[in-house]
Amino acid sequence: MPFGVPGWKWKVGKFGYTVENEPNYEEIKAKAKEVLSRTTKGIAWRGHCGSLHIPLVFEGQIIGELWEDADPKEVEIGAYWFGKWGIKVQLVKDGRVIGFIWLA
C-alpha cells in the first residue's frame, strides 16, 4: 500500500508500524462529543509564562486540557490526527483552538 493513501492510517504495533482502516470524521466527532458530555474540568493552573491549563477529566483520568475557561460540553470539535497514544482532537471555540482531548 502506498504511503499516505486516504482512509488508512499508520499504527504502532508490537512489531513496528502497521496499517489499518481509519475512522471517518463523523465517527470521531460523535465519539468526542460523547466523551465531552461526561467530562469534568480539573483544577486550573498557570504555567511559568502565565498560560492557563485546565485539565479535562474523564472517568478519573486526564484526557486533555483547555487553555481558556470554557464548558467542555459546548466546545466544537476541530481537526484530529493520530498519535502514539490515540487520536488527538482539537477543541474549538469562536473559531480558535482552545484545547484538545485524546481518544483511545
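Residues numbered from 1 in each chain as written. Predicted model: local features only at pLDDT ≥ 70, side-chain atom pairs only at ≥ 80, totals over all residues. Heavy atoms only, no water.

**Q** Looking at this structure, I do not really get the confidence of the model for the protein. What am I missing?
**A** As a general rule, the predicted coordinates of low-pLDDT regions are not to be interpreted in detail. Overall, the prediction assigns the protein a mean pLDDT of 85, with 79% of residues at 70 or greater. Residue range residues 1–5 is modelled with pLDDT below 50. Its contacts to residues more than four positions away, or to other chains, number three contacts. (pLDDT = per-residue confidence, 0-100. Contact = heavy atoms within 4.5 Å.)

**Q** Looking at this model, I keep getting lost on the packing of aromatic side chains. Mind explaining?
**A** Aromatic ring pairs are reported here in terms of the distance separating the ring centres and the angle at which the planes meet. Throughout the structure, instances matching the rule amount to three aromatic pairs. Relative to Y80, the ring of Y25 has its centre 6.0 Å away and its plane inclined at 20°; by these criteria the two rings are stacked. Placement of Y25 in helix α1 (residues 25–37) and of Y80 in strand β7 (residues 76–83) is noted, with a sequence separation of 55 residues between them. Among the residues examined, Y25 registers a relative accessible area of 29% and is labelled partly exposed. For the ring pair Y80 and F82, a centre distance of 5.9 Å and an interplane angle of 90° mean the geometry is edge-to-face. Here the aromatic cluster, defined as three or more aromatic residues joined through ring pairs, consists of Y25, Y80 and F82. One Lys or Arg, K88, reaches over the ring of F100 and ends 4.4 Å from the middle of that ring. (Phe/Tyr/Trp six-rings, centres within 6.5 Å; stacked < 30°, edge-to-face > 60°. Helix = DSSP H or I, 4+ residues; strand = E, 2+ residues; numbered from the N terminus. Buried < 20%, exposed > 50% of the residue type's maximum accessible area, 1.4 Å probe, protein only. Lys NZ or Arg CZ within 6 Å of the ring centre and 35° of its normal.)

**Q** Just to check I follow, could you spell out the pattern of salt bridges for this structure?
**A** Side chains that differ in sign of charge can pair as their charged atoms come close. Per the counting criterion, the structure on display carries five salt bridges. Of the charged contacts, one joins E59 and R38 as a salt bridge, the two residues approaching to 3.8 Å between their closest N and O atoms. With a gap of 21 residues between them, E59 in the loop between β5 (52–58) and β6 (61–66) and R38 in the loop between α1 and β3 (40–41) connect regions that are remote in the sequence. For E59, a relative accessible area of 63% puts it in the exposed group. (Salt bridge = Lys/Arg side-chain N within 4 Å of Asp/Glu carboxyl O.)

**Q** Please explain the pairing of β7 as it appears in this structure.
**A** Consecutive residues of a regular strand have side chains that alternate between opposite faces of the sheet. Pairing of β7 with strand β8 (residues 86–93) involves six bridges; the strand directions are antiparallel. Pairing of Y80 across the sheet is with V89, part of β8. The antiparallel pairing of β7 with β8 creates a hairpin that spans two residues between the two strands. (Pairing = 2+ DSSP bridges.)

**Q** So what exactly am I meant to see when it comes to the side chain of H53 here?
**A** Summarising the element assignment, H53 is placed in strand β5. Only 3.1 Å separates the side chain of H53 from the side chain of S51, close enough to count as a polar contact. Residue contacts for H53: discarding those within four places in its chain leaves I43, A44, W45, G47, E65, L66 and W67. (Polar contact = N/O pair within 3.5 Å; in protein donor to acceptor, adjacent residues only side chain to side chain.)

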